[in-house]
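Residue strings, one per chain:
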Amino acid sequence: MRLIIALVFPWLLFFTIGRPIAGIICLALQITIVGWLPAAIWAVYSLSQYKTDQKIDAFRRERFR
């Protein structure tokens, strides 16, 4: 679901992953038609980094119990 949000409303994705300042910057970029594609690519990349960070945190929690 977040991938669809990243492609349609890239700025909204940043608010869902806890990065509101990046969301505001992305919204400013997305306002221009030319900036939509870079904003969507940035959002998808950030989503993949967010998922990787979650996996690393889960591994650390499990390992250091």
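Residues numbered from 1 in each chain as written. Predicted model: local features only at pLDDT ≥ 70, side-chain atom pairs only at ≥ 80, totals over all residues. Heavy atoms only, no water.

1. Quick notes on the packing of helix 3 (residues 20-31) against helix 4 (residues 36-63)
- Interaxial distance between helix 3 and helix 4 falls to 8 Å at its minimum, and their mutual angle equals 155°. It follows from the interaxial angle that helix 3 and helix 4 lie roughly antiparallel. The handedness of the crossing between helix 3 and helix 4 is left-handed. Packed against helix 3, whose contacting residues are A22, I25, C26, L29 and Q30, the element helix 4 presents W36, P38, A39 and W42 at the interface.
- The residue makeup of the contact of helix 3 with helix 4, split by class, is eight nonpolar, one polar and no charged. (Axes fitted to C-alpha atoms, helices over the stretch in contact; angles between N-to-C directions. Helix = DSSP H or I, 4+ residues; strand = E, 2+ residues; numbered from the N terminus. Parallel < 35°, antiparallel > 145°, perpendicular 65-115°, else oblique. Left-handed = near helix turned anticlockwise from the far one by under 90°. Contact = heavy atoms within 4.5 Å. Nonpolar A, V, L, I, M, F, W, Y, C, P; charged D, E, K, R; others polar.)

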